[in-house]
Amino acid sequence: MSDLKRQVEDIVYYLRTGEVAYAYHLYPAFLASLISALSDEQMLSIHPLLNEMLTAQAQQNSVWLADLLEYMLFEQLT
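Residues numbered from 1 in each chain as written. Predicted model: local features only at pLDDT ≥ 70, side-chain atom pairs only at ≥ 80, totals over all residues. Heavy atoms only, no water.

1. Describing the overall build of the chain
Then, number 1: Looking only at helices and strands, one finds four helices and zero strands in the chain.
Then, number 2: A globule of 78 residues ought to have a C-alpha radius of gyration of about 12 Å, and the chain, at 11 Å, matches this closely.
Then, number 3: With the C-alpha coordinates of the chain rotated into their principal frame, the extents come out at 35 × 25 × 20 Å.
Then, number 4: Within the chain, contacts between residues at least 6 apart in sequence are counted, and of these 56% link residues at least 24 apart. (Helix = DSSP H or I, 4+ residues; strand = E, 2+ residues; numbered from the N terminus. Rg over C-alpha atoms; globule rule 2.2 N^0.38 Å. Contact = heavy atoms within 4.5 Å.)

2. Some points on the packing of aromatic side chains
Geometrically, a pair of aromatic rings is defined through the distance of the ring centres and the angle of the planes.
Then, number 1: Applying the stated criterion across every chain, the model contains three aromatic pairs.
Then, number 2: With centroids separated by 5.2 Å and ring planes inclined at 75°, the aromatic side chains of Tyr 13 and Tyr 14 adopt a geometry described as edge-to-face.
Then, number 3: You can call Tyr 13 partly exposed: its relative accessible area is 48%.
Then, number 4: The class for Tyr 14 is partly exposed, based on a relative accessible area of 21%.
Then, number 5: Measuring from centroid to centroid gives 6.3 Å for Tyr 27 and Phe 30, while their planes differ by 35°, and the two rings are tilted. Taken together, the residues span about one helical turn, with Tyr 27 and Phe 30 both in helix H2 (residues 20-37) at a distance of three residues. Across the pair, Phe 30 and Tyr 27 agree in class, each one buried.
Then, number 6: Each residue in the set Tyr 13, Tyr 14 and Tyr 22 is aromatic and connected to the rest through ring pairs, giving one cluster. (Phe/Tyr/Trp six-rings, centres within 6.5 Å; stacked < 30°, edge-to-face > 60°. Buried < 20%, exposed > 50% of the residue type's maximum accessible area, 1.4 Å probe, protein only.)

3. Some thoughts on the environment of Trp 64
Then, number 1: Here Trp 64 lies in helix H4 (residues 62-76).
Then, number 2: We classify Trp 64 as partly exposed; its relative accessible area is 26%.
Then, number 3: Separated by 11 residues in sequence, Trp 64 and Met 53 have C-alpha atoms that sit 8.1 Å apart.

4. Structural notes on the packing of helix H1 (residues 2-16) against H2
Then, number 1: H2 packs onto H1 with a crossing angle of 160° between their chain directions and a minimal axis gap of 9 Å. Considered as vectors, H1 and H2 are oriented roughly antiparallel to each other. For the crossing formed where H1 meets H2, the hand is left-handed. Residue-level contacts link Leu 4, Gln 7, Val 8, Asp 10, Ile 11, Tyr 14 and Leu 15 of H1 to Val 20, Tyr 22, Ala 23, Tyr 24, Leu 26, Tyr 27, Ala 29, Phe 30, Ser 33, Leu 34 and Ala 37 of H2.
Then, number 2: Class assignment for the residues of the contact of H1 with H2 results in 15 nonpolar, two polar and one charged. (Axes fitted to C-alpha atoms, helices over the stretch in contact; angles between N-to-C directions. Parallel < 35°, antiparallel > 145°, perpendicular 65-115°, else oblique. Left-handed = near helix turned anticlockwise from the far one by under 90°. Nonpolar A, V, L, I, M, F, W, Y, C, P; charged D, E, K, R; others polar.)

Next up, the structure:
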């Protein structure tokens with residue numbers, strides 16, 4: 001989980017500092033790591049959050065995505 005936390009911190013940093021393209025470059029690897037690290041039960045519990053994250057990504061809303069990732073970092077990955 002510490003690797004996932006680091007990935008979230010990196011993505012949020014780049015989203016918040018305006019390096020959005022690089023943050024979106026890191027995002028697919030984070031999602032793949034997240035999916036492989038979580039159990040089925042954990043995936044079901046964060047499914048609504050994942051849907052929101054994918055919607056934010058599709059709308060290229062970096063502020064919303066950063067907020068969702070920070071929520072995940074502090075509420076779900078700790």
